[in-house]
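Inside the fold
The lines below spell out each chain.
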Amino acid sequence: MKKTIQKTPRKTSRQTAPSTTLSPQSTEPIFRYWAWIFLAWSLYRYFFKLPETVDEFVAKPLVFTLPLLWYVTSKERQPLSSIGLHTENLKEGITGGLIVGAALVVEGLILNLLKYGSITVHSIDAVTMYGLGGLAILTLATSFTEELLCRGFLYDRLNRVIKSSVASALISAVLFTAYHLPILVMMHKFTGTTLVIFLSSTMILGTINGIVYGQTKSLVGPILIHFLWNMAVALLL
């Protein structure tokens, strides 16, 4: 009588690699990350009053950019392209950024004309210290760091959860606007109507950039819009 021999499946030590697909189920981690960055930035603004060059080229990369790159690659285990660091849709981004940015500059010129009676360009401290080219470099630096965080990360992650580009643009714009409170309140000491105007214009800028990013899937557009608007505000308003 033959005995039936059952073969026991051989165990293997090889484990299935964890999935790198990001499928967030809640907005809670997004808001928690935003809150930590907001706290760090508020403390910096409260305790340090350093030149703009330090703010834009040292402080913001340390507070905004480096933690974000670590969080995306180490915690989320996502490629940097997931926060807009890629060259896809470059043409769409440039086109959308220039069209919307130019419209905002024209708006700035009209407001300047209504306010002063003729086109008047201001010579702000940054222009006096660094020249127009230096101001442009500073503005481009802040446009990149803020758009990477607020559109590349916050807008994108919110949109993955709530599945609404408009709602994601509005919420990320509120979070973007909040990042400006420390400098407006602690450094510039804005209050009342002036504070409301600056916060409102920042909110509008953030919402527009969220919509543009959602349509073009490129950070180039929001960065261009941010750059052109900041330059218009600095020189015209």
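Read on for a plain summary of the structure. A quick note: this is a predicted structure, and the numbers were derived from the prediction, not measured.

Attention now moves to the overall build of the protein chain. A tally of regular secondary structure across the protein chain gives eight helices and zero strands. Counting from the amino terminus, helix and strand elements in the protein chain follow one another as α-α-α-α-α-α-α-α. For the protein chain, the share of sequence-separated contacts (at least 6 apart) that also reach a separation of at least 24 residues comes to 75%. Surface accessibility of the protein chain: about 13800 Å² in total, with carbon and sulfur atoms responsible for 66%.

Before going further, it helps to examine the packing of aromatic side chains. This model, assessed by the stated rule, comprises 13 aromatic pairs. Considering the side-chain rings of W34 and Y179, the 5.9 Å spacing of their centres and the 50 degrees angle between planes classify their relative orientation as tilted. Here Y179 lies in the loop between α5 (165-178) and α6 (181-187) and W34 lies in helix α1 (residues 28-47), a separation of 145 residues in the sequence. A residue is classified by how much of its surface remains accessible, and W34, at 16% relative accessible area, is buried. Using a relative accessible area of 5% as the deciding quantity, one classes Y179 as buried. Between F190 and F198, the aromatic rings sit 4.8 Å apart at their centres with planes inclined by 35 degrees, giving tilted as the arrangement. The positively charged end of R151 is found above the aromatic ring belonging to F176, 4.5 Å away from the centroid.

For the rest of this paragraph, the subject is the environment of S165. Mapped onto the elements of the fold, S165 is located in helix α5. The partly exposed category is assigned to S165, whose relative accessible area is 35%. The spatial distance from the C-alpha of S165 to the C-alpha of I211 is 6.9 Å, given a sequence separation of 46 residues. Not counting residues within four places of it along the chain, the set of residues in contact with S165 comprises Y155 and N159.

The end-to-end C-alpha distance of helix α7 (residues 192-216) is 36 Å, a good match for the 36 Å that 25 residues give at a rise of 1.5 Å each. Inspection of α7 places L195, T202, L205, G206, T207, N209, G210, V212, Y213, G214 and T216 among the buried residues, and these make up the whole buried set. Where α7 is buried, its residues contact α3 (90-116), α4 (125-162), α5, α6 and α8 (220-236). One or two positions beyond α7, positive phi appears at K217, with a value near 60 degrees.

Attention now goes to the packing of helix α2 (residues 52-75) against α4. Where α2 meets α4, the closest approach of the two axes is 10 Å, and the angle between their N-to-C directions is 20 degrees. Between α2 and α4, the interaxial angle falls into the category roughly parallel. In terms of crossing hand, the pair formed by α2 and α4 is left-handed. Contacts between α2 and α4 pair E52, T53, E56, F57, K60, F64, T65, L68, Y71 and V72 from the former with A126, Y130, I137, L138, A141, T142, T145, E146, L148, L149, F153 and R157 from the latter. Among the residues forming the contact of α2 with α4, the class breakdown is 13 nonpolar, four polar and five charged.

A cluster of nonpolar side chains, contributed by W36, L39, L43, Y46, F47, F48 and L50, occupies part of the molecular surface with about 790 Å² of accessible area. The topology assignment puts Y46 in helix α1.

What follows is about the pattern of salt bridges. Once their charged atoms are close, side chains differing in charge can pair, the charge on each being opposite to the other. One pass over the full model with this rule turns up eight salt bridges. For E56, the salt bridge identified is with K60, shortest N-O distance 3.4 Å. Placement of the pair is E56 and K60 together in helix α2, with a separation of four residues, close to one helical turn. Here E56 matches K60 in class, with each residue buried. In this structure, the salt-bridge partner of R157 is D156, at a minimum N-O distance of 2.6 Å. Owing to a relative accessible area of 2%, R157 belongs among the buried residues under this scheme. Here D156 falls in the buried class, since its relative accessible area comes to 16%. By sharing partners, the salt bridges in this structure join E76, D156, R157 and R160 into a single network.

Conventions adopted
Residues numbered from 1 in each chain as written. Predicted model: local features only at pLDDT ≥ 70, side-chain atom pairs only at ≥ 80, totals over all residues. Heavy atoms only, no water. Helix = DSSP H or I, 4+ residues; strand = E, 2+ residues; numbered from the N terminus. Contact = heavy atoms within 4.5 Å. Areas by Shrake-Rupley, 256 points an atom, 1.4 Å probe, with all protein chains shown as cover. Phe/Tyr/Trp six-rings, centres within 6.5 Å; stacked < 30°, edge-to-face > 60°. Buried < 20%, exposed > 50% of the residue type's maximum accessible area, 1.4 Å probe, protein only. Lys NZ or Arg CZ within 6 Å of the ring centre and 35° of its normal. Expected span 1.5 Å × (residues − 1). Axes fitted to C-alpha atoms, helices over the stretch in contact; angles between N-to-C directions. Parallel < 35°, antiparallel > 145°, perpendicular 65-115°, else oblique. Left-handed = near helix turned anticlockwise from the far one by under 90°. Nonpolar A, V, L, I, M, F, W, Y, C, P; charged D, E, K, R; others polar. Patch = residues over 30% accessible without salt bridge, like charges linked within 9 Å, V, L, I, M, F, W, Y side chains within 5 Å. Salt bridge = Lys/Arg side-chain N within 4 Å of Asp/Glu carboxyl O.

Function-wise, these values are silent; they only describe arrangement.
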